[in-house]
Amino acid sequence: MPSLVDLLTPESVDALATPANVRLGQELVAADAVEFLEVGPQRIRARVGGAGRGTQRRNIELDVSESELRWVCTCTGGRRRFCKHLVATALASAGNPPHRPA
């Protein structure tokens, strides 16, 4: 079974997300707005968002099931949209492999 690293390539993120969500996700990564809660080869849970006024932190999950990428974000009820929070988590985990929380 492939790992998340295998499935979360820059090309796959570009294919899953809109250009606007890719740009916004990159901005979240640049703002260091991704907090990893659980990290493993098949699953990542994170909290994404800023501490700034009016910003909300969203909970996300990315996992692999039956060789397929699955995701959930609390910013939307729809599970088909790869939002800016998911983009940020994917980019942060690929560019700087996260460590498990202490």
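Let me begin by describing the structure that accompanies this report.

So, how was this worked out
- Along each chain, residues carry numbers from 1 onward, in the same order as the chain's sequence is written.
- Where local features are concerned, this predicted model is filtered to residues with pLDDT of at least 70; where side-chain atom pairs are given and counted, the filter is 80 or more; whole-chain, interface and lining totals use all residues.
- Processing note: side-chain calculations cover all non-hydrogen atoms of the structure and skip hydrogens and water entirely.
- The aromatic pairing rule takes the rings of Phe, Tyr and Trp, using the six-membered ring of Trp, and pairs them if the centres are within 6.5 Å, calling planes under 30 degrees apart stacked, those over 60 edge-to-face and the rest tilted.
- Each helix is a run of H or I in the DSSP string that is no shorter than four residues. Each strand is a run of E no shorter than two, and both are numbered from the N terminus.
- For the exposure calls, accessible area comes from a 1.4 Å probe over protein chains only, and a residue counts as buried if that area is under 20% of its type's maximum, exposed if over 50%, partly exposed in between.
- One requirement defines pairing of two strands: DSSP has to find at least two bridges between them.
- Note on method: axes are straight lines fitted to C-alpha atoms, helices fitted across the in-contact stretch only, with angles between N-to-C directions ranging 0 to 180 degrees.
- Among buried residues, the Ala, Val, Leu, Ile, Met, Phe, Trp, Tyr and Cys ones that are joined through side-chain atoms within 4.5 Å form a nonpolar core.
- Two residues form a contact once any of their heavy atoms are found within 4.5 Å.

A short note on the packing of aromatic side chains
Here comes step 1: One pass over the structure, following the stated rule, counts one aromatic pair.
Here comes step 2: A centroid spacing of 5.0 Å and a plane angle of 90° characterise the contact between Trp71 and Phe82, whose relative ring orientation is edge-to-face. Here Phe82 lies in the loop between strand 4 (68-73) and helix 4 (84-95) and Trp71 lies in strand 4, a separation of eleven residues in the sequence. With respect to burial, Trp71 and Phe82 carry one shared label: buried.

Regarding the sheet that holds strand 4
Here comes step 1: Read from one edge to the other, the open sheet built from four strands follows the order 1-2-3-4, with strand pairing classed as antiparallel. Only two strands of the sheet have a single partner each, and these edge strands are strand 1 (34-39) and strand 4. Ignoring strand direction, the axes of neighbouring strands in this sheet form an average angle of 20°.
Here comes step 2: With five bridges joining them, strand 1 and strand 2 (residues 43-48) adopt antiparallel strand pairing. When the bridges of strand 2 are listed, Phe36 appears paired with Ala46.

Here we look at the nonpolar core
Here comes step 1: With 26 residues, the main nonpolar core has Leu62, Phe82 and Leu86 as its most contacted residues.
Here comes step 2: Going through the elements one at a time, helix 3 (19-30), strand 1, strand 2, strand 3 (58-65), strand 4 and helix 4 are the ones with two or more residues in this core.
Here comes step 3: Among the elements that make up this core, the one with the highest residue count is helix 4 (five residues).

Some points on the side chain of Ser3
Here comes step 1: Relative to the assigned elements, Ser3 resides in the segment before helix 1 (4-7).
Here comes step 2: Aside from chain neighbours lying at most four places away, what touches Ser3 is Pro41, Gln42 and Val64.

So far we have only geometry, and geometry alone does not tell us how the molecule works.
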